[in-house]
Amino acid sequence: MNNIGVKTSADKSIFTDKDHELTMSSKFTAFKIFKTGVVQTDGSGFVEVKHGLGFTPTFSVFRMGSATWQETLTGVDSNTYNNVYFPSLTGHHSWVANQNLVETSTSINSLYIESGGANIYYKYYIFYDLGQFFSDVPGSNLGNQGLKVSFNNKNVLTSGDYNMGFTSKYKILQFNKFKSGQTQMTLPALKGSQFSDPTPQEATYLDIFHGMGYPPFFLAFNIDPSYSSTIWREIPDNGDSAVGVVDKVSSWCDATRIRISWWRKTSYATGVSHNATTITIKWLIFDEDLRL
Amino acid sequence: MANELEWDIVNYLDTWDSSAGGNGSIKAGDGADSAVRYRNITIAQGTSIYSAVFKFIVDAKGAGSGTARTLVYGINEDNTADFGGDPLGRPKTSASTTYNITPPAIGERVDCTVTSQVQAIINRAGWVSGNALGFIINNNSSDANVWIKDNFGAVPDTYLSILLSANPTFTPTPISTDSKPKSVKVSYGIKYSKPHKSVLNATEADIYFSSGKPTLKAKFFGMRTMTNETASLVVHQLGYNPIYTGYGKPSTLLYKLPKFSGSFFVSYIEADKSEARAYSTNVINIFYYIFIDDLNL
């Protein structure tokens, strides 16, 4: 990085750190929390949160509720976990019934949550970061209190806050480097038998006991060598879902753990089988408390 | 059970029931001798057989009480022919199974292990993958009017199930791991707190920023209109796998990705060490944030 702007480092020299080793650099935008809270869907399973930003922002939503194993495969986990948070809940999920899946979206005015279930609680984050074409954004100077550093070629006095690499006006989403990590899960080969078990399933799960004492905002990714040995995909991941052949990586968290499960199914009729596979899971735990 | 290779009876000429005078059924017990044949056994010569089970589907049974006692042999031939004529005199394997049956309800199944018989046939020098193999069921002093019968025609009829290796557990033991302890708070660097909260004693929740904790730093962000099923978002060439996130916008609403169901479209983003790509079932705008932060923590 050139010596313009502000950068910080946690335990190394800012003069020698590479950009990705810095804890913050005003050269790069960070997700800035504009608004956060908990809302409940109405009787039709819908709720709207007005943000008034005048542009379409990025966001994140966690569904709140209970986690119970939903697949027909037995012997995985018969428990129900309460006070659980599910991230990015679209597509089939191994711990929540399909009718409770959610579509979340934002417009220039509001965040919308549409769920198959009524009276369900959601924790939402609306970021002061753009989710629309960047030249379309109405510029607005939102005040000169605190500390802010703009991007190159952007006037810090007149640019909108989305053009700030750093601003003290909003809480920055920061992750806990020491709590984040990776591990692997393995499932054996699976092939349908014509008569006795034409649609077999298999599953396992990983519990990360995070020790945060509260349910934390988290991100998780997986790499599946049966799909690609170089490509990471965000969890929840519905993988390759040819008819009758399904591969799902699902996740949720509570005050004790982050659980990531992996479930696969195949069908004799398709002639497709799963090879024995080991996937790698990486997770980032943020200090953000989902309860607040 | 999963991973089993299974073969059904595909032709009535692959069944023989001495009590019925020939083809069309197989019977175990009460004075009957039977034979059954399975075609196109796609197992290479000499392959080790972990288990083979003959799964008798009961279509009818005798009214007597007691036990149907039989002995089950393999037909010791390289590629046994169909039962256009009486097959009961064909050579038999030395291996046999004592198959004593208390007849169950109609529609249920009674299994008979024939691993040694199948192994003996597969081991024959003249065996070739795709050949047919068969079994002879000899009555062995069954109780009067105690028998079970499978009439050819249902799917499946009595079928043969083979495993070439032991099945693993399909619900492996879950893994658990503890995160490392939190780092000790230090009093250097930069931090600022929520308005009206003292930065000196603010809780973690009220700290808006701390230079001691990493921030996701977006190096590449922008929009790409999907015109094909897969599109390159950015060739980042970072040389490592970056953290990323993205959104899809078919019209005026922006949806968080990955999105695997629901209205409008299915879409997700993926990234490797040089490129981030998007996949979508529809023409939409993808808004992406590729962070400079390395997934290899």
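One structure accompanies this document, and this report is about it. Computed from a predicted structure; not experimentally measured. (Residues numbered from 1 in each chain as written. Chains lettered and ligands numbered in written order. Predicted model: local features only at pLDDT ≥ 70, side-chain atom pairs only at ≥ 80, totals over all residues. Heavy atoms only, no water.)

**Regarding the overall build of chain A**
For chain A, the helix and strand inventory stands at zero helices and 19 strands. Evaluated residue by residue, chain A yields a buried proportion of 61% over its 292 residues. The contacts of chain A with a sequence gap of at least 6 include a subset with a gap of at least 24, amounting to 67%. Accessible area of chain A: about 10,900 Å², with a carbon and sulfur share of 49%. (Helix = DSSP H or I, 4+ residues; strand = E, 2+ residues; numbered from the N terminus. Buried < 20%, exposed > 50% of the residue type's maximum accessible area, 1.4 Å probe, protein only. Contact = heavy atoms within 4.5 Å. Areas by Shrake-Rupley, 256 points an atom, 1.4 Å probe, with all protein chains shown as cover.)

**Some thoughts on the overall build of chain B**
Scanning chain B from terminus to terminus reveals one helix and 22 strands. Its C-alpha radius of gyration of 34 Å places chain B more than 25% over the 19 Å reference for a compact globule of 297 residues. Its C-alpha atoms put chain B at 95 × 45 × 40 Å along the principal axes. With 297 residues in all, chain B has 51% of them scored as buried. A separation of at least 24 residues holds for 74% of the contacts in chain B among residues at least 6 apart in sequence. Summed over its atoms, the accessible surface of chain B is roughly 12,600 Å², and 49% of this surface lies on carbon and sulfur atoms. Charge separation in chain B, taken as the distance between the mean sites of 26 positive and 26 negative side-chain charges, equals 16 Å. (Rg over C-alpha atoms; globule rule 2.2 N^0.38 Å. Lys, Arg positive; Asp, Glu negative; His and termini not counted. Charge placed at Lys NZ, Arg CZ, Asp CG, Glu CD.)

**Quick word on the sheet that holds strand β4 (residues 34-38) of chain B**
Residues and elements named next belong to chain B. Strand order in this open sheet of five strands is β2-β4-β10-β7-β8, and the pairing throughout is antiparallel. The open sheet has two edge strands, β2 (15-17) and β8 (92-101), and neither has a second partner. For this sheet, the mean inter-axis angle between neighbouring strands, taken without regard to orientation, is 20 degrees. As judged from the seven bridges shared by strand β7 (residues 68-75) and β8, these two strands associate in the antiparallel manner. Opposite Arg69, over in β8, you have Asn100 as the bridge partner. (Pairing = 2+ DSSP bridges. Axes fitted to C-alpha atoms, helices over the stretch in contact; angles between N-to-C directions.)

**Structural notes on the sheet that holds strand β8 (residues 110-115) of chain A**
Reading across from one edge, β4(A)-β8(A)-β7(A)-β19(B)-β18(B)-β22(B)-β16(B) is the order of the seven strands in this open sheet, with antiparallel pairing throughout. Lying at the two open borders of the sheet, with one neighbouring strand each, are β4 (46-50) of chain A together with β16 (218-225) of chain B. Put simply, the sheet's adjacent strands are angled 25 degrees from each other on average, direction ignored. For strand β7 (residues 102-106) of chain A and strand β19 (residues 254-256) of chain B, the ladder comprises two bridges, and the chain directions are antiparallel. The residue bridging Ser105 of chain A from the neighbouring strand is Tyr255 of chain B, located in β19 of chain B.

**Describing empty space enclosed by the protein**
Under the defined criterion, the tally for this structure stands at six cavities of 30 Å³ or more. Considered as a void within the structure, the largest cavity measures approximately 150 Å³ in volume. In this structure, the largest cavity is lined by 20 residues; those nearest its centre are Ser60, Phe217 and Leu219 of chain A together with Thr245 and Lys256 of chain B. When contributions to the lining of the largest cavity are tallied by element, the ones reaching two or more residues are β5 (57-68) and β15 (216-223) of chain A together with β18 (242-249) of chain B. (1 Å grid on protein atoms, 1.4 Å probe; cavity = no way out; pocket = protein on both sides within 12 Å on 5 of 7 lines; lining within 4 Å. Points joined across faces, edges and corners; volume = space filled by probe spheres on them.)

**Quick notes on the interface of chain A and chain B**
It is common to give the size of an interface as the accessible area that goes away when the parts come together. Facing the 101 residues of chain A at the interface are 83 residues of chain B. Each partner contributes to the roughly 7,600 Å² buried at the junction of chain A and chain B, and carbon and sulfur atoms together form 61% of this total. A per-residue breakdown of the area chain A buries against chain B is headed by Gln174, Phe175 and Phe195 of chain A, which together make up 9% of the total. Counting every contact that joins chain A to chain B gives three salt bridges. The salt bridge involving Arg233 of chain A is made with Glu270 of chain B; its shortest N-O contact spans 3.6 Å. Our count for the chain A to chain B interface comes out at 29 residue pairs in polar contact (both at pLDDT 80 or more). Among the residues making up the side of chain A that touches chain B, the classes are represented as 48 nonpolar, 37 polar and 16 charged. (Buried area = accessible area lost by both parts, 1.4 Å probe. Salt bridge = Lys/Arg side-chain N within 4 Å of Asp/Glu carboxyl O. Polar contact = N/O pair within 3.5 Å; in protein donor to acceptor, adjacent residues only side chain to side chain. Nonpolar A, V, L, I, M, F, W, Y, C, P; charged D, E, K, R; others polar.)

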